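Coordinate inspection notes
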Amino acid sequence: MALLFEPLTIRDVYFRNRIWVPPMCQFACEDQTGNPNSWHLVNAGSYAAGGAGMVMVEATAISPIGRITAQCAGIWNDHQRDLWKPVAAFIESQGSVPAIQIAHAGRKASDDMHEKALPLDQGGWETIGPSALAVDGLTVPRVMTTEDIAVVVQEFADAARRSVEAGFKVIEIHAAHGYLLHEFLSPLSNIREDQYGGSLENRARFLLEVVKVVREQIGSDIPLFVRFSATDWVDGGWNPEETAIVAKWCQELGADLFDISSGGLLRSIFISSTPGYQVPFSETVKNEGKVLTAAVGKITTAVQAEQILQEEKADAIFIGRQLINDPHFPLRAAHELGIEVDYRPVPHRPGYWN
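The structure contained in this document is the topic of the report that follows. Since the structure is predicted, the reported quantities are computational estimates derived from the model, not experimental observations. (Residues numbered from 1 in each chain as written. Predicted model: local features only at pLDDT ≥ 70, side-chain atom pairs only at ≥ 80, totals over all residues. Heavy atoms only, no water.)

Moving on, we get to the overall build of the protein chain. Per the secondary structure count, the protein chain includes ten helices and twelve strands. For 354 residues, the compact-globule estimate of 2.2 N^0.38 gives 20 Å, and the C-alpha radius of gyration of the protein chain, at 19 Å, lies within 12% of that figure. C-alpha atoms of the protein chain, sized along the principal axes, occupy 55 × 45 × 40 Å. In the protein chain, buried positions account for 58% of the 354 residues. A gap of 2 Å separates the mean positions of the 29 positive and 44 negative side-chain charges of the protein chain. (Helix = DSSP H or I, 4+ residues; strand = E, 2+ residues; numbered from the N terminus. Rg over C-alpha atoms; globule rule 2.2 N^0.38 Å. Buried < 20%, exposed > 50% of the residue type's maximum accessible area, 1.4 Å probe, protein only. Lys, Arg positive; Asp, Glu negative; His and termini not counted. Charge placed at Lys NZ, Arg CZ, Asp CG, Glu CD.)

For the rest of this paragraph, the subject is the pattern of salt bridges. As enumerated under the stated definition, the model contains 23 salt bridges in all. Close ionic contact of Glu-115 with Arg-267 constitutes a salt bridge, the shortest N to O distance being 4.0 Å. One end of the pair, Glu-115, is in the loop between strand 5 (97–103) and strand 6 (128–129); the other, Arg-267, is in the loop between strand 10 (257–261) and helix 7 (279–289), with 152 residues separating them in the sequence. For Glu-115, a relative accessible area of 47% corresponds to the partly exposed category. (Salt bridge = Lys/Arg side-chain N within 4 Å of Asp/Glu carboxyl O.)

Once that is clear, we can look at the packing of helix 5 (residues 200–218) against helix 6 (residues 240–252). The contact between helix 5 and helix 6 brings their axes to 10 Å, and the two run at 40°. Relative to helix 6, helix 5 is oriented oblique. The interaxial crossing formed by helix 5 with helix 6 has right-handed handedness. Residues Leu-200, Glu-201, Arg-203, Ala-204, Leu-207, Leu-208 and Val-211 of helix 5 touch helix 6, and the partners they reach there are Glu-242, Ile-245, Val-246, Trp-249 and Cys-250. (Axes fitted to C-alpha atoms, helices over the stretch in contact; angles between N-to-C directions. Parallel < 35°, antiparallel > 145°, perpendicular 65-115°, else oblique. Left-handed = near helix turned anticlockwise from the far one by under 90°. Contact = heavy atoms within 4.5 Å.)

This paragraph deals with the layout of surface pockets. The space that makes up the largest pocket amounts to roughly 1200 Å³. Residue lining of the largest pocket: 37 residues in total, with His-177, Tyr-179, Arg-227, Ser-261 and Ser-262 positioned closest to the centre. (1 Å grid on protein atoms, 1.4 Å probe; cavity = no way out; pocket = protein on both sides within 12 Å on 5 of 7 lines; lining within 4 Å. Points joined across faces, edges and corners; volume = space filled by probe spheres on them.)

Right, let's talk about the pairing of strand 9 (residues 224–229) for a bit. A large share of strand 9 lies buried, amounting to six of its six residues. Burial along strand 9 is two-sided: the face carrying Leu-224, Val-226 and Phe-228 and the face carrying Phe-225, Arg-227 and Ser-229 are both buried. Of the strand pairs in this sheet, strand 8 (residues 170–175) and strand 9 are connected by five bridges, and their pairing is parallel. In the sheet register, His-174 faces strand 9, and the bridge partner there is Arg-227. When strand 9 meets strand 10, the two strands line up parallel, connected through five bridges. What sits directly across from Val-226, in strand 10, is Phe-258. Once the chain exits strand 9 it traverses helix 6 before rejoining the sheet at strand 10, and the crossover so formed is right-handed. (Pairing = 2+ DSSP bridges. Right-handed = clockwise from strand over helix to strand, strands pointing away.)

This brings us to the side chain of Asn-37. Mapped onto the elements, Asn-37 comes out in the loop between strand 3 (19–21) and helix 1 (38–49). A relative accessible area of 17% places Asn-37 in the buried class. One polar contact links the side chain of Asn-37 to the main-chain carbonyl oxygen of Ala-28, over a distance of 2.9 Å. (Polar contact = N/O pair within 3.5 Å; in protein donor to acceptor, adjacent residues only side chain to side chain.)

Here we take up the nonpolar core. Judged by nonpolar contacts, the single largest core of 82 residues is most densely connected at Ile-171, Ile-173, Phe-206, Leu-207, Val-214 and Phe-228. Here the element with the most residues in this core is helix 5; it accounts for nine residues. Leaving out residues up to four positions away in the same chain, Phe-206 has contacts with Met-144, Ile-149, Val-152, Val-153, Leu-180, Leu-181, Phe-184 and Tyr-196. Counting residues in hydrophobic clusters, the runner-up holds 16 residues, among them Ile-10, Val-13, Trp-20 and Phe-318. (Core = buried A, V, L, I, M, F, W, Y, C linked by side-chain atoms within 4.5 Å.)

Here we come to empty space enclosed by the protein. In this structure the tally under the stated criterion is two cavities of 30 Å³ or more. As a volume, the largest cavity reaches approximately 110 Å³. Forming the boundary of the largest cavity are 14 residues, of which Gln-26, Asn-43, Met-56, Val-57 and Glu-58 lie nearest the centre. For the lining of the largest cavity, the residue count by class is ten nonpolar, three polar and one charged. Taken as a whole, the second largest cavity encloses approximately 50 Å³ of empty space. Taken together, Ala-59, Thr-60, Ala-61, Gly-66, Arg-67, Ile-68, Cys-72, Ala-103, His-104, Ala-105, His-174 and Tyr-179 make up the full set of residues lining the second largest cavity. Top element by residues in the lining of the second largest cavity is strand 4 (residues 54–61). It accounts for three residues. Split into classes, the residues belonging to the lining of the second largest cavity amount to seven nonpolar, four polar and one charged. (Nonpolar A, V, L, I, M, F, W, Y, C, P; charged D, E, K, R; others polar.)

Read these as spatial facts, not as claims about activity.
Listed below in structure tokens is the structure:
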């Protein structure tokens, strides 16, 4: 059995293979409501029917000001929760695991989809962050108070609860790509002098509070993932060694697996994104943190993905662009690796949109 098609069980959830769909923003919500719609069902459902072991829907905002753009999806109210239910149900009906990434964009919110600030008179909003430092092209965020932090921690908890109620079987906390939790982790964006800034323990405090309350909300059966950017690609920034340390702290509070990406904090840098360029970060976090990891980043062939697992650089593989090109990539990968699988699309009617 190729490792790529070796099942994996985390807590009470069974994954039929280790080809997983990463969260990919769709920018498909209408009228700035954050409400998922039929596009989200079709997009996620195609990957599930194509044989993926898990389908994680896009970065889903925990509050209106947590959206990256006005077109991003949310799960900050019960109506959105109910609109996600048929998406999760369809994914599960195809033998895949429905997963969701809950997120707050922080200082990178209110983007007009062209890396500029969306004007307030066009539906934009005030952004928040750890310090009064802006991303290129966007507005300076309002510095969060400790009371603001407590509010966002509760918003993560509420979003996690709604996600489970919607039928998602894996919850991922987004602490990567320069969004709010990553902003607190990195000394390049966090220059606070209170208990949420300075030392690694202080910069990680916000994330650890989120992990703790999310685990309490989702119970002991649901796997909890955390997505990290393992490096800011700048000297003096967030790095893989710190990522491994904080991942271990998250594991001690109930997180199960770490989705290892990179970058996103700064726009003024160049990253040479060669095939598998982020895999070494997954390997570092896995080995130094003694935790489960998933690799992502220009992993496009079955042989490449299998080799990463065989070399113990990750425990699962997130494949994005290749699944966009071919939603049935898992079936082709099985054929290429000489594995027989019985993944067949299952006719299913998850309900009507309200």
